[in-house]
Amino acid sequence: MEKTLVILKPCTIQRGLTGEIIHRFERKGLQICGMKMMQLTDDILIEHYSHLAQRPFFKRIKDSMMVTPVIVCCLKGIDAVRIVRAMAGVTNGRDAQPGTIRGDYSVSVQENIVHASDSLETAETELKRFFKEDEIFDYAISQLNSKYANDEY
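Residues numbered from 1 in each chain as written. Predicted model: local features only at pLDDT ≥ 70, side-chain atom pairs only at ≥ 80, totals over all residues. Heavy atoms only, no water.

Draft legend 1. Highlighting the nonpolar core. With 22 residues, the main nonpolar core has V6, I21, F25, L30, L75 and I113 as its most contacted residues. The set of elements that each furnish at least two residues to this core consists of β1 (2-8), α2 (18-28), β3 (70-77), α5 (80-88), α6 (101-105) and β4 (114-116). The leading source of residues in this core is α5, at 5 residues. Once you skip the residues sitting within four places of it in the chain, F25 turns out to touch V6, L30, L75, V84, M87 and I101. Counting residues in each nonpolar core, the second largest holds 18 residues, with L5, M38, L45 and M65 among its members. (Core = buried A, V, L, I, M, F, W, Y, C linked by side-chain atoms within 4.5 Å. Buried < 20%, exposed > 50% of the residue type's maximum accessible area, 1.4 Å probe, protein only. Helix = DSSP H or I, 4+ residues; strand = E, 2+ residues; numbered from the N terminus. Contact = heavy atoms within 4.5 Å.)

Draft legend 2. Representation of the pattern of salt bridges in the model. Considering all chains together, one arrives at 8 salt bridges under this definition. Residue K3 is joined to D138 by a salt bridge in which the shortest nitrogen-to-oxygen separation is 3.1 Å. Residue K3 is located in strand β1, and its partner D138 is located in the loop between α7 (120-130) and α8 (144-147); the two are separated by 135 residues in the primary sequence. Judged by its relative accessible area of 55%, D138 is exposed. For D79, the salt bridge is made with R82, and the minimal N-O distance between the two is 3.1 Å. Here the residues in one salt-bridge network are K3, K76 and D138, joined through shared partners. (Salt bridge = Lys/Arg side-chain N within 4 Å of Asp/Glu carboxyl O.)

Draft legend 3. Here's a closer look at the packing of α2 against α5. At a minimum axis distance of 11 Å, the contact between α2 and α5 shows a crossing angle of 135°. The orientation of α2 with respect to α5, classified from their angle, is oblique. At the point where α2 passes α5, the crossing takes the right-handed sense. Where α2 approaches α5, its residues R24, F25 and K28 are matched on the opposing element by I83, V84 and M87. When the residues that make up the contact of α2 with α5 are grouped by side-chain class, the tally is 4 nonpolar, no polar and 2 charged. (Axes fitted to C-alpha atoms, helices over the stretch in contact; angles between N-to-C directions. Parallel < 35°, antiparallel > 145°, perpendicular 65-115°, else oblique. Left-handed = near helix turned anticlockwise from the far one by under 90°. Nonpolar A, V, L, I, M, F, W, Y, C, P; charged D, E, K, R; others polar.)

These values are about where atoms sit, not about what they do.
Shown next as structure tokens:
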């Protein structure tokens, strides 16, 4: 099973949507393997968004991501990266389809509720960036057979 990173952004915290967003991931069948609140720093944001560092909107991203603490989550499931990305919707909330997290809760390209890893490789790197090894848990869930066919896991 795959593990992926989700960051509940400051706009989510400020709007009181934390429980609603986590609820959606759990109801889909994803397992929470790690979750914590943290204040992002300039250093971690420069590392996390290094691929955008030369873009004119980079300062806006950093400023937005430091307004409040964020909640970082490790979610686990079959095809977790793809599922979380589909649930999140496209980056710009104005373009996101209704039924997606961004489509239901965002009207912004920046204040778009969640960050979601875009590939399995990225997820592995990002999880190591935000979690220590002992902060991600593997535990049995009793509902596994009601979420997947026995030949899927």
